[in-house]
Every structure is written in structure tokens, then in C-alpha cells.
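This is what each chain is made of:
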Amino acid sequence: MSDPRPPTPFVADAPGLDFLNSVATPASTPVDWIADGDGLLAWLEQAGLVPVEELERLRAQALPGELDHVAAQARSLREWFREFVRQRMGRPVRSEDLPDLEPLNQLLARDEQFTRIVAADEAGPNGLALRTERRWRTPESLLLPIGQALAATVGREDFTHVKACQGPTCTLVFADHTRGRARRWCSMAACGNRAKQAAHRSRAAAPR
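This structure is a prediction, so every number in the text was calculated from the model and none was measured.

Engineer: Even after reading the chapter, I still don't get a nonpolar patch on the surface, so can you show me in this structure?
Structural biologist: Taken together, the side chains of Ile117, Leu128 and Leu130 make up a nonpolar region of the molecular surface, amounting to roughly 350 Å² of accessible area. Inspection of the secondary structure puts Leu130 in strand β4 (residues 128–134). Its relative accessible area of 67% is what places Leu130 among the exposed residues.

Engineer: Help me out: how do you make sense of the packing of helix α2 (residues 37–47) against helix α4 (residues 66–88) in this one?
Structural biologist: A pair of packed helices can be characterised by two numbers: the angle between their axes and the separation between those axes. It is the contact of α2 with α4, at a shortest axis distance of 7 Å, that shows an interaxial angle of 65°. Classed by the angle they form, the pair α2 and α4 counts as roughly perpendicular. Contacts from Gly37, Leu40 and Leu41 in α2 reach Leu67, Asp68, Val70, Ala71 and Ala74 in α4. A breakdown of the residues in the contact of α2 with α4 according to their chemical character gives six nonpolar, one polar and one charged.

Engineer: Explanation requested: the packing of α4 against helix α6 (residues 143–156) in the structure shown.
Structural biologist: Here α4 crosses α6 at 10°, and the two axes come no closer than 11 Å. Judged by the inter-axis angle, α4 sits roughly parallel to α6. Together, Val70, Gln73, Ala74, Leu77, Phe81 and Phe84 of α4 and Leu143, Ile146, Leu150, Thr153 and Val154 of α6 make up the contact between the two elements. Its residues placed into classes, the contact of α4 with α6 shows nine nonpolar, two polar and no charged.

The rules behind the values
- Residues numbered from 1 in each chain as written.
- Predicted model: local features only at pLDDT ≥ 70, side-chain atom pairs only at ≥ 80, totals over all residues.
- Heavy atoms only, no water.
- Patch = residues over 30% accessible without salt bridge, like charges linked within 9 Å, V, L, I, M, F, W, Y side chains within 5 Å.
- Areas by Shrake-Rupley, 256 points an atom, 1.4 Å probe, with all protein chains shown as cover.
- Salt bridge = Lys/Arg side-chain N within 4 Å of Asp/Glu carboxyl O.
- Helix = DSSP H or I, 4+ residues; strand = E, 2+ residues; numbered from the N terminus.
- Buried < 20%, exposed > 50% of the residue type's maximum accessible area, 1.4 Å probe, protein only.
- Axes fitted to C-alpha atoms, helices over the stretch in contact; angles between N-to-C directions.
- Parallel < 35°, antiparallel > 145°, perpendicular 65-115°, else oblique.
- Contact = heavy atoms within 4.5 Å.
- Nonpolar A, V, L, I, M, F, W, Y, C, P; charged D, E, K, R; others polar.

See below:
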């Protein structure tokens, strides 16, 4: 059966903010793309955060309801981070904000990443390269790359330029990486186009 929901929005220009946008109101009804375990797996695949073969393996090994439980944890993490971002949007994150990041640091401490020496994809000085991998022991390990994406958002993004879309009903957020920091919309194809149409109708209706 086809998915009746609109496509998942990946417009934030920052994976951690794209995670916040996994629940949004693209029209008049809110849509949650990680409302259950299957949705979480689909979102992680589309975000490119987990190898497809690991997603399929964890799906096959999960106990009944286990992935739904992890999806519920992901939603709680999402809303905690949304509040962190909302309180700091428009200003730099400072060292005094660090205590509020303790829940994220606790999640990151559970990670099981390691480095392997592998054959290089391209010719190099010795034909070898380093590759970072992760042990995916349980379905809860699916939260780890999300935590890493949130940490990257905090550590690399200037929150002065983290913005909410100016669409009247849009709930999407993004990092404004444009040269003049003048981005206003989640995308020009969606809210930007609707704003242009509304402005055109307004001009057409104005008395001459």
C-alpha cells in the first residue's frame, strides 16, 4: 500500500534540524514521519544515517513492539532538542548552555564506534584508508546516529542563523547558509512559492 503522507522534508541544511522537521504541518494537518518503528526506519534510511542492511537486520531481529518503543524514544529526544533550539534560536550557543546538553551527552556516551583499516576506494599512497563503523547491537542503537547529528548541529552551526520558516502555517526550521543570510522559507518550491502567489493576488486585488 502506498504511503499517503507527503514526502519527508529534508530542507534544513543540517541533519539535526532535519530530525526536528520529521514532524511538520506541510498543509493543514500535522504529519509525523517517525510515528512508529517502521516510520523511524524509513526516516533513518532516507536521511542516510544508518546502512540499509543494518536497518533490515534490526527489523528482522526486533521483538514485537520493540521498534515502536525506540521510535517513541526518538520522538522524546526530538521534542527535548526542539525546546533547546527554540530557546537559543537567533543567538550563539555558549558554554553556559552545556549543562542543558547533558541528556545528549549521556546518549553519545553509549556509542560503539570504531575505526577499521580498509581498501581505499581510490588510488592512494598505499591503497588503504580508514573507515569509521558502528556496532548496531540492539534497536536502541538507532538513536546513536541521531544523537551524533544533534551534537553536530550544536557544535558546528551558528544558532544566530537557525531560523523558522516564515510560512504562516509552516513549522519547519533550517540553518541559513546563504551568503547574505536572507533565507526566509523552508523551500522556494513550497512556502516561498505560496508567498509569491499570495503577494500576486494581493496586488491584483488592490484598487488601481
